[in-house]
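The lines below spell out each chain.
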Amino acid sequence: MDISKPERIATARQRMFEILEHGRRRDFASRIIDGFLVVLVVTNVAVVIAQSVPEVAAEYGTSLYLFDRLCVIVFAIEYAARIWVAPEHPMLRGNSPLMARLRFAGTPLMIIDALALVPWLLELLFPQSTLVPLTRLVRLLKLARYSPAIATIGRVIVSERRALMACVIILSGVLLTAAALMLAIEGHKQPGRLGDMSKTMWWAAAMLAKIGGGETEPVTALGRIVSAITVMLGIFCFALPVAIIGRGFYEEIRRRDFVITFAMVARVPLFSKLDASAIADLVSILRARTVTPGTTLMRQGDRGDAMYFIASGSVEVSSPTLSVHLSEGDFFGEMALLSKEPRAATVTAETSADLLVLEVDDFLRLLDRLPAFKAHIEQVAIERQHGKLKGS
Ligand code: CMP
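Residues numbered from 1 in each chain as written. Predicted model: local features only at pLDDT ≥ 70, side-chain atom pairs only at ≥ 80, totals over all residues. Heavy atoms only, no water.

**Quick look at the overall build of the chain**
The helix and strand tally for the chain stands at 16 helices and eight strands. Its C-alpha radius of gyration of 29 Å places the chain more than 25% over the 21 Å reference for a compact globule of 392 residues. Projecting the C-alpha coordinates of the chain onto the three principal axes gives extents of approximately 90 × 55 × 40 Å. The burial tally for the chain puts 36% of its 392 residues in the buried class. Sequence separation of 24 or more characterises 67% of the internal contacts of the chain that already satisfy a separation of 6 or more. Of the roughly 22,000 Å² that the chain leaves accessible, carbon and sulfur atoms contribute 66%. Averaged over its 43 positive side-chain charges, the chain has a centre that lies 2 Å from the centre of its 38 negative ones. (Helix = DSSP H or I, 4+ residues; strand = E, 2+ residues; numbered from the N terminus. Rg over C-alpha atoms; globule rule 2.2 N^0.38 Å. Buried < 20%, exposed > 50% of the residue type's maximum accessible area, 1.4 Å probe, protein only. Contact = heavy atoms within 4.5 Å. Areas by Shrake-Rupley, 256 points an atom, 1.4 Å probe, with all protein chains shown as cover. Lys, Arg positive; Asp, Glu negative; His and termini not counted. Charge placed at Lys NZ, Arg CZ, Asp CG, Glu CD.)

**Quick look at the domain arrangement of the chain**
Partitioning the chain into domains gives domain 1 (5-146), domain 2 (161-254) and domain 3 (270-385). Computed over C-alpha atoms, the centres of domain 1 and domain 2 are 42 Å apart. (Domains from an automatic or database assignment.)

**Digging into the nonpolar core**
One finds F271, L286, F309, L356, L358 and F373 to be the most contacted residues of the largest nonpolar core, which totals 27 residues. Those elements that place two or more of their residues in this core are α11 (262-267), α12 (269-272), α13 (276-285), β3 (306-312), β8 (353-359), α15 (360-369) and α16 (371-385). Top element by residues in this core is α13. It accounts for four residues. Non-local contacts of F309, meaning those with residues more than four positions away in its chain, are made with V268, L270, F271, L286, D330, F331, D354, L355, L356, L358 and F373. Membership of the second largest hydrophobic core comes to 17 residues, among which are V291, I310, A349 and L355. (Core = buried A, V, L, I, M, F, W, Y, C linked by side-chain atoms within 4.5 Å.)

**Some words on the sheet that holds strand β2 (residues 296-298)**
The antiparallel open sheet is built from four strands, whose spatial order is β2-β7-β4-β5. In this open sheet, the two edge strands, each paired with only one partner strand, are β2 and β5 (322-327). Sheet twist, expressed as the mean angle between neighbouring strand axes with direction ignored, is 25°. Note that strand β4 (residues 314-319) and strand β7 (residues 346-349) share four bridges and pair antiparallel. Bridge pairing links V315 to A349 in β7. (Pairing = 2+ DSSP bridges. Axes fitted to C-alpha atoms, helices over the stretch in contact; angles between N-to-C directions.)

Below is the structure:
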């Protein structure tokens, strides 16, 4: 069958999206490209460091320069390709291609990718600057895309921002109080070291950070007491944000990536009759996803890319003519995968829910391998299509 040019472009764009953005575990091309980009970023940063050493720069300057130019070309192609495939992003479907690309360009990871290209422009504008080449180190941030843990830290900082802001306010209050007290107590005794607020604030910051006040020793008893209290408050002020971030990090990991266990999969009625090796297979195929109440998991009209099994919690399936509640053991999202039609309904989490996600490729492979699974899913999908309100 002849495929028209626009269709060929759409298929190529979708494939490129899978390779660049989707990060599927078993997609060989995606793994190769990711690995290549990681190696390129790390090598590029090493080259920037090497170039700052005069002997290395004298010996290998031209090769290092050419390598850096090559990296810039690759990063620019990568950036353009990511922008090109943006309309394929599930979160951006429904936007016009231009709008999807503009919104995608504003996401944090794309801003980092754009920043990685800026040093090249700066070098063109300020060829003599010794500072500009070092701005290339910002490229290291590109690795954030490949480290879920970095994204997690970002989310923790955002979610704990109020508590962290309180820490900053406490720290500033302690610093200013200690500085003001020291100025009042010892300002006239040591005018050279503690004679104004800028000097006592530096002293207080050094005491709080436990790096000591340098040469500045308090000479009065009251000054020594204020110093001792400041050092102790410093320990408290610095321990507090560390504890807040540590706890948030733990919570975030626990919430996001709950471990899929054998028992969890075996509890889903559809899988309960499978033999142990098939269940073990599923444990490695399924992806864990935890959602908070109100999260929209799919919208009516979206393209289907996965189906979901509910390990705990409940969801609402809704459309203008439908409102169904599904709970533990039920599944949803199978109809679009079977029919290749858009999603028939919108599905929203009613409670916090632990979901097992089966991506479309794995779903199709399972249909081939497990005839009973296929028969059951098809049966349920037909019943749902005919408006019967049904779980699994
Ligand atoms: P899909 O069309 O991929 O996305 C929306 C999902 O809602 C759909 O698959 C089904 O899993 C689910 N759904 C649609 N209609 C019903 C129904 N009548 N009862 C239960 N679930 C449904």
